[in-house]
Every structure is written in structure tokens, then in C-alpha cells.
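One-letter residues, chain by chain:
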Amino acid sequence: MNDTIYQGIEQNPRFKELVRKRSRFAWLLSLITLALYVGFIFLIAFNPQWLGTPIAAGSTITRGIPIGVGLIVISFVLTGIYVFRANGEFDRLNAEVLREVKQ
């Protein structure tokens, strides 16, 4: 019985739509994250003096600190965006596929 359910799921057009949407969205967020981190590494490699410059006269905090913290915060935000969409649209599509296959 499980084999028929699995085959029904794999052949369901909504399941294919779910896989396509989820994959595309995950790749997009991954590429955004990768671009931000690679950009930061390039900035460290090619312009470390700029990152080492204090953000204000007499300050011990350099430009690199808020940029590094910002990267971490952006990673959490992008994860939250994925979870929000996964709990909404992706879970809805998943429930529809299961409902159709079990009928």
C-alpha cells in the first residue's frame, strides 16, 4: 500500500510544483547568502584597511564589526523568510498532495 502512495505522490502535478517552487526558493536564498559572505571575504582580502577604520573618531569599533554582525542577522532573517514560506505555501501544497493521493 505504501508503494502506491509513494508512486501517487511522485506522479502528482502538485507535488512536482511543490518540489520546483521549494527548490527554486531554497537556491535563491542560498545564492543570496553565498554572495553576501563571498563579498565580505573579498572585502577582507582586498580592502582590509577600510574594514579596520573606526566608525567614528576616537571609537574602538571598526566598520567590520557592524558589517559582520549584519551578515549574521541577515542569515537569521533569510532563514526566517524560508520558514515562513515553508509553513505557509509549502505546507499547504504538501497537505493538498496528501489529500489527493489518499482519496
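Residues numbered from 1 in each chain as written. Predicted model: local features only at pLDDT ≥ 70, side-chain atom pairs only at ≥ 80, totals over all residues. Heavy atoms only, no water.

A.B. asks: Any chance you could explain the pattern of salt bridges here in plain terms?
C.D. replies: If the charged atoms of two oppositely charged side chains come close together, the side chains can form a pair. Summed over all chains, the structure comprises six salt bridges. Residues Lys21 and Glu89 are paired through a salt bridge, measuring 2.9 Å at the closest nitrogen-oxygen approach. Residue Lys21 is located in helix H2 (residues 13-46), and its partner Glu89 is located in helix H4 (residues 64-102); the two are separated by 68 residues in the primary sequence. Glu89 serves as the salt-bridge partner of Arg85, at 2.8 Å between the closest nitrogen and oxygen. Here Glu89 and Arg85 lie together in helix H4, a separation of four residues that amounts to about one turn. (Salt bridge = Lys/Arg side-chain N within 4 Å of Asp/Glu carboxyl O. Helix = DSSP H or I, 4+ residues; strand = E, 2+ residues; numbered from the N terminus.)

A.B. asks: Help me out: how do you make sense of the packing of aromatic side chains in this one?
C.D. replies: Both the distance between ring centres and the angle between the ring planes are used here to describe each pair of aromatic rings. What the rule picks out here adds up to four aromatic pairs. Between the aromatic rings of Phe42 and Phe46, the centroid separation amounts to 5.9 Å while the plane-to-plane angle is 50°, which identifies the pairing as tilted. Of the two residues, Phe42 and Phe46 are both situated in helix H2; the distance of four residues between them amounts to about one turn of the helix. With a centroid separation of 6.2 Å and an interplanar angle of 50°, the aromatic rings of Tyr82 and Phe90 are classed as tilted. Judged by its relative accessible area of 4%, Phe90 falls in the buried class. Connected via pairs of aromatic rings, a cluster forms that spans Phe25, Tyr82 and Phe90. Its guanidinium or amino end placed over the ring of Phe25, Arg85 lies 4.4 Å from that ring's centre, counting from NZ or CZ. (Phe/Tyr/Trp six-rings, centres within 6.5 Å; stacked < 30°, edge-to-face > 60°. Buried < 20%, exposed > 50% of the residue type's maximum accessible area, 1.4 Å probe, protein only. Lys NZ or Arg CZ within 6 Å of the ring centre and 35° of its normal.)

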